[in-house]
Each structure stands twice: as C-alpha cells, then as structure tokens.
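# Topology and contacts: notes
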Amino acid sequence: MFRKILVANRGEIALRIILSCKELGIKTVAVFSEADRHALHVRFADEAICIGPPKSTDSYLNIPSVISAAELSNADAIHPGYGFLSESGYFAEVCEASRIKFIGPSSEAIRLMGDKARARREMNRLGLHVLPGSGDAIHTDKEALATAEAVGYPVIIKAVAGGGGRGMRVVHNRGELLVALKTAQAEAANAFGVPHCYIEKFVEKARHIEFQLMADEHGGVIHLGERECSIQRRHQKLIEERPSVLMTPELLDQFGATVVRAMKDVGYTSVGTLEFLVDERKNFYFMEMNTRIQVEHPVTELVTGVDLVRDQILIAAGERLPHRQNDLQFRGHAMECRINAEDPVTHKPSPGKITTWHAPGGPGVRVDTAAYAEYVIPPFYDSLIAKLVVHGSTRDEAIRRMDRALDMFVVEGVKTTIPLHRQILRNPQFRKGDIYTKLLEHLQEHRAPAVEMA
Ligand code: MV4
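Residues numbered from 1 in each chain as written. Predicted model: local features only at pLDDT ≥ 70, side-chain atom pairs only at ≥ 80, totals over all residues. Heavy atoms only, no water.

## Things to note about the overall build of the chain
- Check the secondary structure of the chain and you find 16 helices and 20 strands.
- A compact globule built from 454 residues should have a C-alpha radius of gyration of about 22 Å, and the chain, at 22 Å, falls within 12% of that.
- The C-alpha extent of the chain, read off along each of the three principal axes, is 60 × 55 × 45 Å.
- Of all intrachain contacts in the chain linking residues separated by at least 6 positions in sequence, the fraction that spans at least 24 positions is 66%. (Helix = DSSP H or I, 4+ residues; strand = E, 2+ residues; numbered from the N terminus. Rg over C-alpha atoms; globule rule 2.2 N^0.38 Å. Contact = heavy atoms within 4.5 Å.)

## What about the pairing of strand β9 (residues 207-215)?
- The buried fraction of β9 is high, at nine of nine residues.
- Alternating positions in β9 separate into two faces, Arg207, Ile209, Phe211, Leu213 and Ala215 on one and His208, Glu210, Gln212 and Met214 on the other, with burial throughout.
- Relative to strand β12 (residues 270-278), β9 runs antiparallel, the two sharing nine bridges. In the sheet register, alanine 215 faces β12, and the bridge partner there is serine 270.
- Judged from the six bridges that link them, β9 and strand β10 (residues 221-233) form a sheet pairing that is antiparallel. Following the sheet pairing, glutamate 210 is matched in β10 by arginine 227.
- Linking β9 to β10, which pair antiparallel, is a turn of five residues; within it glycine 219 sits at a positive phi near 90°. (Buried < 20%, exposed > 50% of the residue type's maximum accessible area, 1.4 Å probe, protein only. Pairing = 2+ DSSP bridges.)

## A look at the confidence of the model for the chain
- Mean pLDDT over the chain stands at 94; residues scoring 70 or higher make up 95%.
- In the model, residues 445-454 has pLDDT below 50 throughout and makes nine contacts with residues more than four positions away in sequence or in other chains. (pLDDT = per-residue confidence, 0-100.)

## Here's the deal with the layout of surface pockets
- One number sums up the size of the second largest pocket: a volume of about 230 Å³.
- Looking at the second largest pocket, it is lined by 14 residues, and the ones nearest its centre are Arg242, Pro249, Leu252, Asp253 and Phe330.
- A per-element tally of the lining of the second largest pocket places helix α9 (residues 249-266) first, with three residues.
- Looking at the lining of the second largest pocket residue by residue, the class counts come to seven nonpolar, five polar and two charged. (1 Å grid on protein atoms, 1.4 Å probe; cavity = no way out; pocket = protein on both sides within 12 Å on 5 of 7 lines; lining within 4 Å. Points joined across faces, edges and corners; volume = space filled by probe spheres on them. Nonpolar A, V, L, I, M, F, W, Y, C, P; charged D, E, K, R; others polar.)

## A few points about the packing of helix α7 (residues 141-151) against helix α8 (residues 174-192)
- Viewed as axis vectors pointing N to C, α7 and α8 meet at an angle of 130°, and their least axial separation amounts to 10 Å. In this view, α7 runs oblique relative to α8, as classed from their interaxial angle. Taken as a pair, α7 and α8 cross one another with a handedness that is right-handed. In this structure, α7 uses Asp141, Ala144, Leu145, Ala148 and Glu149 to contact α8, whose residues at the interface are Arg174, Leu177, Leu178, Leu181 and Lys182.
- When its residues are assigned to classes, the contact of α7 with α8 shows six nonpolar, no polar and four charged. (Axes fitted to C-alpha atoms, helices over the stretch in contact; angles between N-to-C directions. Parallel < 35°, antiparallel > 145°, perpendicular 65-115°, else oblique. Left-handed = near helix turned anticlockwise from the far one by under 90°.)

## A look at the side chain of glutamate 296
- The topology assignment puts glutamate 296 in the loop between β13 (284-290) and α10 (297-304).
- Polar side-chain contacts of glutamate 296 include one of 2.8 Å to the side chain of lysine 237.
- Filtering out sequence-adjacent residues up to four positions away, glutamate 296 remains in contact with Glu210, Arg227, Cys229, Lys237, Glu240, Glu336 and Arg338. (Polar contact = N/O pair within 3.5 Å; in protein donor to acceptor, adjacent residues only side chain to side chain.)

## Looking at the packing of aromatic side chains
- A complete count under the given rule lists twelve aromatic pairs for this structure.
- An angle of 40° between the planes, with centres 4.5 Å apart, marks the rings of phenylalanine 255 and phenylalanine 284 as tilted. Remark: phenylalanine 284 occurs in strand β13 and phenylalanine 255 occurs in helix α9; sequence separation between them is 29 residues.
- For phenylalanine 255, a relative accessible area of 13% corresponds to the buried category.
- Note on tyrosine 372 and tyrosine 375: the rings are 5.1 Å apart at their centroids and 50° apart in plane angle, and the pair reads as tilted.
- Taken together, the aromatic side chains of Phe211, Phe255, Phe276, Phe284 and Phe286 make up a single cluster linked through ring pairs.
- Lying over the aromatic face of tyrosine 198, arginine 120 brings its terminal NZ or CZ to 3.9 Å of the ring centre.
- Over the aromatic face of phenylalanine 430 sits the side chain of arginine 395, whose NZ or CZ is 4.8 Å from the ring centroid. (Phe/Tyr/Trp six-rings, centres within 6.5 Å; stacked < 30°, edge-to-face > 60°. Lys NZ or Arg CZ within 6 Å of the ring centre and 35° of its normal.)

And the structure:
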C-alpha cells in the first residue's frame, strides 16, 4: 500500500481524496497555488507545498512543479482528481518514468480514449454501437456531402479533439452543410489547436447515460450501474441521478455485461466511465470514455455504498477488486445538483467572498464542498462550489429531499445556481422523468427571467 499520496488538485475533489486517504491511513501532500493559501485542502493534508502563481497553467497544470513537489515530499503516488492533469497521457507517462504511481489508468489507455475518433473505432470493434457517420475527420467537401447523404439529415458536426460537446453544430439540410463545416473547423482550430471535425447522425430527444466501471490490474472488471446526466446546460452537467427512469434490471444486467466485456478486452485498469447517447427507442450509442474519477461519482456511491476513491487507490496499489459483481446491490434513488457560483442571467462565474454559509444536512443528504463562511472564491478556477447529493427510497422522495435541502442551503455574498436547480425540480416534465437533450433550453426559453429566478 502507498505510504504517502500527493493530491494534484484543489477544491472539493482534493478534500474528497484526502478523506479517503485518512481512512486508509495514508499520509497526504496538498499542492496549492498562491491563490489557494487559505483553501481547506491545504489545511486537511498532512503537508502542503506551494507550486506557483494563481493561473492554472503556472501551478496545477505545471507538470515539473507537481513532480518536484512529489519528489521533495517523497510521495509514492499522485492522485490527479478530475480536470487539470487527470486526463493528460503525457503527465501519466512522466509519473511512470519518475516511478511515482499515477492513480488512474495507464498513459496508453488515457491516450487511446483521449483521441475520440480512435476510441469510437476501438469500442465499435469491441461490440459497442456507435452512431452512423464519418467515424474519422472529414477532409473534403465531397466527403462531407457524401457522408451526410449516406446517414441522412439532420447530422451533427463535432470536433475530433473536442469531447464534452464543445463546438458542436447541427445541420438540417444539404444547403447548410459546407458553411457549418467550415465554421466548426475554424472553431475547433481555435479552441483545440486542431481543426479536424467529423459528421454523425443527429439524435433528437437524446439522453446522456453513462456507466461507471472499475477494473483491477489482474483482469477483474465490474460495473457499478448507470448515471443519467441529461440535464445539461451548454454541455455542463447540472443534475445527475441513478437509476435512470429508462433503466430496468434486465437492461442493467445485459448492458452491464456488455460494457464489462469491452473493458476486459481493452485491458483497462482503474475507475472509468463510458458515456452513451440514448435515443427514444433505448438504443445505446457509445460517445466517449472518461478515464478519471468524475464529478458525479457520489451518485453511484450513495446507491451502492462503495467508496469509489478508496477503491481507485487500492486498485492503483495493485490490490484486487474489493467487490464482486454479484455482491453489489443498488439501493434507492440518488440525485446530485452541482452548485456553481455564477450569475443566473449572464452565466458568468461569480467569484468573491462568501459572507454567509449554511450547508444542509439530515437523513440522506451529503454535501461535498471546500467552501466555508468568509471563504473567498478565487476567480481563476472552475466555479463549482458544492455538490449537493441526496438519497431516497424512490425518485419522488429524492426530489422532495433535494428540494428541502436546496431550501436550507444558504449562500450569501456570491450568486449561485441554487435558484435554477429549484426551478428545474419544480418542472412537471422533469418530475415525470421526461428528460432529454433539449429540456433545459425549452425551460429557459419559456421563463419570465427575473421573477422566477428570485
Ligand atoms: C449529440 C446529440 C445529438 N446527436 N450527438 C455530446 C456531448 C454532450 N455534452 C452533448 N452531446 C450531444 N451529442 C448526436 N449525434 C446531442 C447532444 C446533447 C445532449 C445530449 C444529452 C443530454 C443533453 C444534451 C445537451 C446538448 C447536446
């Protein structure tokens, strides 16, 4: 087992990793930027090392600084959390070369899944369905027109290097295609440094459902069920839950076995998530794989009782999976609301001092946060300030519990997404579980702004 783990992250996920380390009896090293001197991950870790100026590229993304901190503190492993260096194949490779265990999959697996076109080809080879389309980057106008014709309009243009849905374009007919492709390529070049885009069938009323997986270094693989993540805004997830209203025990067993087999065949290790786009006829199409612990992992923890971060650490230390598939039970309904410090009208981050803070509690309520009263949210990082996660015996109970917990969540001094969440929870379509791609856009269009947000 590891003696000491360096946590290469900040905010709630750094705290989340530190708490599992404490329970495992593993010492922790926090790294922090000059903007994070008063952050809680610095306080709760056994040691803390400043790794640079506030800007992420100078600190949390600075590979030489992070590796130096690990060497200086004699850490035998690094946990990258999510974001920052968590899906950098290069960083994982530097860790491997420095004989510091990267808590995650191999650099090779990160690189494979990071190339979205290659990942789709590989998963398709292993038996997962992918949407009809070009599969790879489109190079000529002729190729674009032929592909769109073959799959039939509407189609969607996505960046090969993108992932997470940034820079997507929906095209309804032949006349729009070439202009949309040019614009998408220019945007992709600007955002990701590479212009390559691909074309695939556009699915109306799509759902986003993902599967949590866990694999050890001895060939053991299990799945921990799905998460429904269809409530998104500008490709940021807002609410996640389990079970999805369209999941059945049969579908879970059947599709679970399929994803487990695919992960075995590709030789994946660590925790990971397979994301699917699901159409109205319950067809699952593989979109991409995330090779990190995800923001929404507590949803799975509440319905399975598994500590995913603890198990991720045990697996990285070479231990066998601590659970067998048949021992896992899914209990009740879990739901997570991501609370961001942002302006409800402009959607811009709302950094600054939290003057009043009260986090809700009570049965079935969990709050993952690194914020506190008088904490000053720095303007340099992600605006997530808390994850409010609830568990109930039914979806209805979970929704009512979430509503009362949101009501008892007091954050003053900065603007947050709490009012937006309360509005979504009250939406009749959401309550029925009729959630899909466009729901939130509809909700936002039909809203009388200031009044309902108040
Ligand atoms: C799609 C799609 C429809 N058809 N792909 C991809 C990344 C994710 N953040 C959104 N993505 C989508 N890809 C095809 N071929 C619709 C979306 C989509 C979406 C999907 C599920 C839930 C909410 C969504 C919101 C916007 C777009």
